[in-house]
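Structural features, examined
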There are 2 protein chains.
Amino acid sequence: MAERAGQKARESGGRTAGLDFPRPLTTVDVVIFTIRNDALHVLLVQRGAGDNEPFPGAFALPGGFVDIARDRDLEACALRKLKEKTGVVSPYLEQLGSWGSAARDPRFWSATHAYFALLPASIADRALAADAQWFPLVGERVKPKLAFDHDEILAAAVQRLRNKVEYTSLPAYLMAEEFTLPELQRTYEIVLGRPLEKSAFRTRMLSADLIEPIAKMRKGPNRPAQLYRLKAAKEPVYFARTFNPPE
Amino acid sequence: MAERAGQKARESGGRTAGLDFPRPLTTVDVVIFTIRNDALHVLLVQRGAGDNEPFPGAFALPGGFVDIARDRDLEACALRKLKEKTGVVSPYLEQLGSWGSAARDPRFWSATHAYFALLPASIADRALAADAQWFPLVGERVKPKLAFDHDEILAAAVQRLRNKVEYTSLPAYLMAEEFTLPELQRTYEIVLGRPLEKSAFRTRMLSADLIEPIAKMRKGPNRPAQLYRLKAAKEPVYFARTFNPPE
DNA sequence: ATACTTAGTTGTACTGTCGAACTTACTTAG
DNA sequence: CTAAGTAAGTTCGACAGTACAACTAAGTAT
């Protein structure tokens, strides 16, 4: 329907200011994070070796062209790609930014809308697509050289994540349904790459209206720990201060 | 060059996965803020009354189609549109996000890349385009109903600005070359919509490596005030705490 | 029983904001 | 010339939250 309108306008050949412009390619890419083995990981897919595709065989962020017939909007497109690769349907998903230039795709002027998602490791391990694979992060990069400008996008995603972790509750979305405070703190420390003060962390997390204790306790080889879960609100909490800065 | 490659691929009619997808319209819009008469203002342009254009006569954010022949990348496109409307060539410019859906433009599936810019009032008043006009902000809106989903984009820009003002030095980019600390504080207060503590504001601004005093003083009807200017670094400063929160 | 480990608490020092009162420098009214 | 007014800038005590370290608690392993 909307397409027909566009076709008509284009076929009419009139100076309809804009519909006549050559259109950039429009894609969506998703940077999907999770924590495995005490390290931040990102999901990459290996590209096919077809001759018409750029960067054959290279690794890339999950993503691809917007399908105007199936994708109601950009976020729906991101969710579709995320579901195709991981099976996950309701992750924490946030828009990261957009990258568009004449140079980033050898085929044509192209613009990508980048999202980033946080998944609990427990969910992330189920039902990965055949061409998808988790890679640990080395600093802000990943070992293989990525296709397009995906190295740059990944670096921006990591930076954004680290930045927001300083003053928000984002790491809570990397946790399983039930978790203990020390586990949450460890997640913060993994993402930030530096240790945090135990008591300050506790008082902050407990005074924030973010988590609630549940009746159960986590038993282990040592003293049992109180289990918590996220409160109903899905929105992240913003703290008034950053954590003890590295100096 | 890049265009030719695209044309070829399309003409070949091969299943080149992606180049065959119908492409969304790609635009860039810029939310340009300044402060006039102790109030936050945004720049709007009035759309022409041509029959082929949607929302004829309505006000909209400055923006339009990406011109792949002239725009090296998205930011260059935003800078071009900003210069066309204001003459300003080196503002504070930050990407805001992107909005894309089948519904936002009645003509076709379209995606816009939104930026927001901060201009000092002194610069902003020079050389406005004929169809451009400053509008004061009422909350997160503006009086006229805007074209497309620009009301939503504007609201997001205001929210982002207010948010970042809590813990960054962004308002410094709304100041003239030379300014006093009380003037800077007033700018913060205008953007935030609430008063700030004088002494805390001073110690924070002075201990941040952001501004430097210059030899001159601003004379007025009362005690003269020390003049400051932004330090060389163009990047905004992030504070470790937010300002006294409203509750 | 004893040592070890991790969860969680307590207490002191310190930093920066809050809030108000104060000093300083200039203008204007009488 | 003096007194009142105004805005710039400083000072000070109260307070909140963090830093750091020492402590208690509850389990396992030997």
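Everything in this summary refers to the structure shown in the same document. The model shown is predicted, which means the values in this text are computed figures rather than measured ones.

Cut-offs and rules
- Residues numbered from 1 in each chain as written.
- Chains lettered and ligands numbered in written order.
- Predicted model: local features only at pLDDT ≥ 70, side-chain atom pairs only at ≥ 80, totals over all residues.
- Heavy atoms only, no water.
- Salt bridge = Lys/Arg side-chain N within 4 Å of Asp/Glu carboxyl O.
- Helix = DSSP H or I, 4+ residues; strand = E, 2+ residues; numbered from the N terminus.
- Buried < 20%, exposed > 50% of the residue type's maximum accessible area, 1.4 Å probe, protein only.
- Pairing = 2+ DSSP bridges.
- Axes fitted to C-alpha atoms, helices over the stretch in contact; angles between N-to-C directions.
- Parallel < 35°, antiparallel > 145°, perpendicular 65-115°, else oblique.
- Contact = heavy atoms within 4.5 Å.
- Nonpolar A, V, L, I, M, F, W, Y, C, P; charged D, E, K, R; others polar.
- Phe/Tyr/Trp six-rings, centres within 6.5 Å; stacked < 30°, edge-to-face > 60°.
- Lys NZ or Arg CZ within 6 Å of the ring centre and 35° of its normal.
- Expected span 1.5 Å × (residues − 1).
- Polar contact = N/O pair within 3.5 Å; in protein donor to acceptor, adjacent residues only side chain to side chain.
- Arc of directions from axis to C-beta.

**Considerations on the pattern of salt bridges**
Residue and element names in this part refer to chain B. A complete count under the given rule lists 31 salt bridges over all chains for this structure. One salt bridge connects Arg160 with Glu94, and the closest N-O pair in it is separated by 3.0 Å. You can see Arg160 sitting in helix α4 (residues 150–165) and its partner Glu94 sitting in strand β5 (residues 92–101), a full 66 residues away along the chain. For Arg218, the salt bridge is made with Glu183, and the minimal N-O distance between the two is 3.0 Å. Here the residue Arg218 occupies a position in strand β9 (residues 211–218), and Glu183 occupies one in helix α5 (residues 181–192), the gap between them amounting to 35 residues. According to the relative accessible area criterion, Glu183 is partly exposed, its value standing at 23%.

**Notes on the sheet that holds strand β8 (residues 179–180) of chain B**
All names here are of chain B. Reading across the sheet, the three strands line up as β8-β10-β9 and stay open at both edges, with antiparallel pairing between neighbours. If you trace the sheet from one side to the other, it starts and ends with β8 and β9, each paired once. Where β9 lies against strand β10 (residues 225–230), five bridges are found, and the strand directions are antiparallel. Bridging across to β10, Arg218 finds its partner in Ala225.

**A few points about the packing of helix α5 (residues 181–192) of chain A against helix α6 (residues 198–207) of chain A**
Residue and element names in this part refer to chain A. Taken N-terminus to C-terminus, the directions of α5 and α6 make an angle of 105 degrees; their axes are 11 Å apart at the nearest point. In terms of axis orientation, α5 runs roughly perpendicular to α6. Residues Leu181, Pro182, Leu184, Gln185 and Tyr188 of α5 form the contact with α6, whose own contacting residues are Lys198, Phe201, Arg202, Met205 and Leu206. Considered class by class, the residues forming the contact of α5 with α6 number seven nonpolar, one polar and two charged.

**Quick notes on the packing of aromatic side chains**
Taken as a whole and judged by the stated rule, the model has 13 aromatic pairs over all chains. Here Tyr167 of chain A and Tyr167 of chain B contribute two aromatic rings whose centre-to-centre distance is 5.2 Å and whose plane-to-plane angle is 45 degrees, an arrangement assigned as tilted. Taken together, the residues Tyr167 of chain A in the loop between α4 (150–165) and β8 (179–180) and Tyr167 of chain B in the loop between α4 and β8 connect one chain to another. Take Tyr167 of chain A: its relative accessible area is 12%, and that puts it in the buried class. For the pair Tyr167 of chain B and Tyr238 of chain B, a centre-to-centre distance of 5.9 Å together with 45 degrees between the ring planes defines the contact as tilted. Taken as a pair, Tyr167 of chain B in the loop between α4 and β8 and Tyr238 of chain B in the segment after β10 lie far apart in primary sequence, 71 residues in all. Taking relative accessible area as the criterion, Tyr238 of chain B reaches 42% and is therefore assigned partly exposed. A cation over an aromatic ring shows up here: Arg204 of chain A above the ring of Phe239 of chain A, its NZ or CZ 4.9 Å from the ring centre.

**Regarding helix α2 (residues 74–86) of chain B**
Residues and elements named next belong to chain B. When the terminal C-alpha atoms of α2 are compared, their 18 Å separation across 13 residues agrees well with the 18 Å that a helix rising 1.5 Å per residue should span. Put simply, Asp73 is the residue that caps the front of α2, since its side-chain oxygen is 3.3 Å from the backbone nitrogen of Glu75. Two residues or fewer after α2 comes Gly87, characterised by a positive phi angle close to 80 degrees.

**Considerations on helix α6 (residues 198–207) of chain B**
Residues and elements named next belong to chain B. Residues of α6 that are buried include every one of Phe201, Arg204 and Met205, and no others. One side of α6 carries all its buried residues, which in axial view fall inside an arc of 95 degrees. Structural note: α6 exposes Ser199, Thr203 and Ser207 on the side pointing more than 90 degrees away from its buried face. Turning to α6, the residues buried within the fold contact α5 and β9.

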